[in-house]
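# Overview (structure and organization)
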Amino acid sequence: MLISSSKASKVREKAKRVISRTKVVLKKNSSNINPASASVIKRGIDKLELAMSGDDVEEIIRKTADLESFSDDYLSKFMKSKLRQNVEALVFALALALVIRTFVLQPFKIPSSSMIPTLLVGDHLFVNKFVYGTKIPFTDSVFFPIDEIKRGDVIVFTYPNNEGDPSKRGTYYIKRVIGVAGDRVDLQGRHLYVNANKVTLEFMGSYVDERNSGRFDEYRENLFGENHTVIFRQGREYTNKGNRIPAIVPEGSVFVMGDNRDNSQDSRFWGFVPIENIAGKAFIVHWSWDFGNPSIFNKVRWHRILSSIN
């Protein structure tokens with residue numbers, strides 16, 4: 001029978017897999033396999049390897065079938081079924097995903113406009129969960145911190161447990177850290193003051209929200225060396241202090257605000273964020289989807305994909 005070169009190659013590949021799998025099972029279970037059975041299987045391996053050294057493809061097929069038969073007869077209880085292999089692979093993948101989500105990265109979607117222009121509604125980002133230290137599940141213990149929480153960091157956290165609206169507890173929020181433990185935070189007009197030091201604002205021009213929710217003034221804010229952009233609604237010379245300004249940040253907490261200063265519920269209104277509520281630091285936009293764009297071809301904000309968050 002004439003056999004094509006492609007089929008001959010597939011026959012040899014299968015033979016290699018059968019030999020490799022059989023040898024692995026033999027080695028891992030050598031102490032539990034009857035010596036006589038092991039001898040039969042080894043002879044089957046030798047015969048198949050000898051057949052593979054020649055050019056008779058039909059002989060390779062026969063010896064491969066013989067070795068598979070020996071394996072079924074003597075090694076079946078030591079070999080995993082296809083179903084078991086698939087189930088174990090699925091369980092491993094799920095466990096790996098859980099470990100990554102718990103200790104390394106967590107995806108997060110921007111649902112509101114409170115962080116415009118830094119983050120837009122429909123941005124999908126990753127949160128670095130280990131940069132401030134990895135939290136042991138079901139405890140408040142943290143180990144291996146890489147960096148401290150700093151002013152200017154964009155963080156994801158759960159709504160403070162003892163503040164504000166109880167119905168929001170456990171809900172994830174994203175804001176910018178304005179003050180850390182010991183800082184005194186105040187607002188005068190549009191200007192932030194931290195420890196009585198004025199945070200400088202450099203006017204950049206007008207900003208038009210793509211969701212048509214109004215026109216804004218855009219500024220570059222320099223939070224003592226950390227630069228980012230913020231917006232204020234045009235026609236207003238001040239932004240709402242809420243009922244928590246001025247504030248002195250207690251130990252174990254941070255004071256946060258949104259970059260859309262006139263459209264953000266934050267520490268000005270519901271208080272400080274405990275350190276234990278912080279999930280991690282937002283660091284990259286991996287996908288961005290403009291839900292308000294009527295054109296299906298323009299819904300993806302390609303220019304924002306894989307952009308860093310400052």
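Each remark here, short or long, concerns the structure printed above.
Computed from a prediction, not measured in an experiment: that's the story for all the values here.

A few words on the overall build of the protein chain. Across its full length, the protein chain holds five helices and 17 strands. A total of 310 residues make up the protein chain; the buried ones form 41% of that total. Of the roughly 17500 Å² of accessible surface on the protein chain, a fraction of 55% belongs to carbon and sulfur atoms.

Right, let's talk about unusual backbone geometry for a bit. Backbone torsion omega between Ile116 and Pro117 reads 10°, so that peptide bond is classified as cis. Take Pro117: it is sitting in the loop between strand 1 (105-109) and strand 2 (123-128). Residues Ile245 and Pro246 are joined by a peptide bond in cis, for which omega reads 0°. You will see that Asn195, though not glycine, has its phi angle at about 55°, which is positive. Its place among the elements puts Asn195 in the loop between strand 8 (191-194) and strand 9 (197-198). Positive phi, normally seen in glycine, also occurs at Phe224, with a value near 55°. Tracing the backbone shows Phe224 in the loop between strand 11 (215-222) and strand 12 (227-233). Looking at Phe224, the relative accessible area reads 39%, which means it is partly exposed.

Another aspect to go through is the pairing of strand 16 (residues 278-288). Bridge analysis of strand 2 against strand 16 gives six bridges, and the strand direction is antiparallel. Within the sheet, the bridge partner assigned to Phe126 lies in strand 16 and is Ile284. Alignment of strand 16 against strand 17 (residues 307-308), held across two bridges, turns out to be antiparallel. Of the residues in strand 17, the one forming a bridge with Val285 is Ser307.

Before going further, it helps to spend a moment on the sheet that holds strand 9. Read across the sheet, four strands follow the order 9-8-7-13 without closing on themselves; strand pairing throughout is antiparallel. Either end of the sheet is taken by a strand with one partner, and the two such strands are strand 9 and strand 13 (247-248).

It is the contact of helix 1 (residues 5-28) with helix 2 (residues 35-52), at a shortest axis distance of 11 Å, that shows an interaxial angle of 155°. As summarised for this structure, helix 1 and helix 2 are arranged roughly antiparallel, according to the angle between their axes. When the axes of helix 1 and helix 2 are compared, the crossing they make is left-handed. Residue-level inspection shows Arg12, Ala15, Lys16, Ile19, Thr22, Lys23 and Leu26 of helix 1 in contact with helix 2, the latter providing Ala38, Ile41, Lys42, Ile45, Leu48, Glu49 and Met52.

Attention shifts here to the pattern of salt bridges. One pass over the structure, following the stated rule, counts 19 salt bridges. Note that Lys14 is salt-bridged to Glu68, the shortest N-O span being 3.9 Å. Separated by 54 residues along the polypeptide, Lys14 in helix 1 and Glu68 in helix 3 (residues 57-74) bring together distant segments of the chain. The partly exposed category is assigned to Lys14, whose relative accessible area is 38%. Judged by its relative accessible area of 25%, Glu68 is partly exposed. Glu59 is the partner of Lys63 in a salt bridge, and the nearest nitrogen-oxygen pair spans 3.7 Å. A residue pair is termed a helical-turn pair when its members lie 3 or 4 positions apart in one helix, as Lys63 and Glu59 do in helix 3 at four residues.

Definitions and limits used
- Residues numbered from 1 in each chain as written.
- Predicted model: local features only at pLDDT ≥ 70, side-chain atom pairs only at ≥ 80, totals over all residues.
- Heavy atoms only, no water.
- Helix = DSSP H or I, 4+ residues; strand = E, 2+ residues; numbered from the N terminus.
- Buried < 20%, exposed > 50% of the residue type's maximum accessible area, 1.4 Å probe, protein only.
- Areas by Shrake-Rupley, 256 points an atom, 1.4 Å probe, with all protein chains shown as cover.
- Pairing = 2+ DSSP bridges.
- Axes fitted to C-alpha atoms, helices over the stretch in contact; angles between N-to-C directions.
- Parallel < 35°, antiparallel > 145°, perpendicular 65-115°, else oblique.
- Left-handed = near helix turned anticlockwise from the far one by under 90°.
- Contact = heavy atoms within 4.5 Å.
- Salt bridge = Lys/Arg side-chain N within 4 Å of Asp/Glu carboxyl O.

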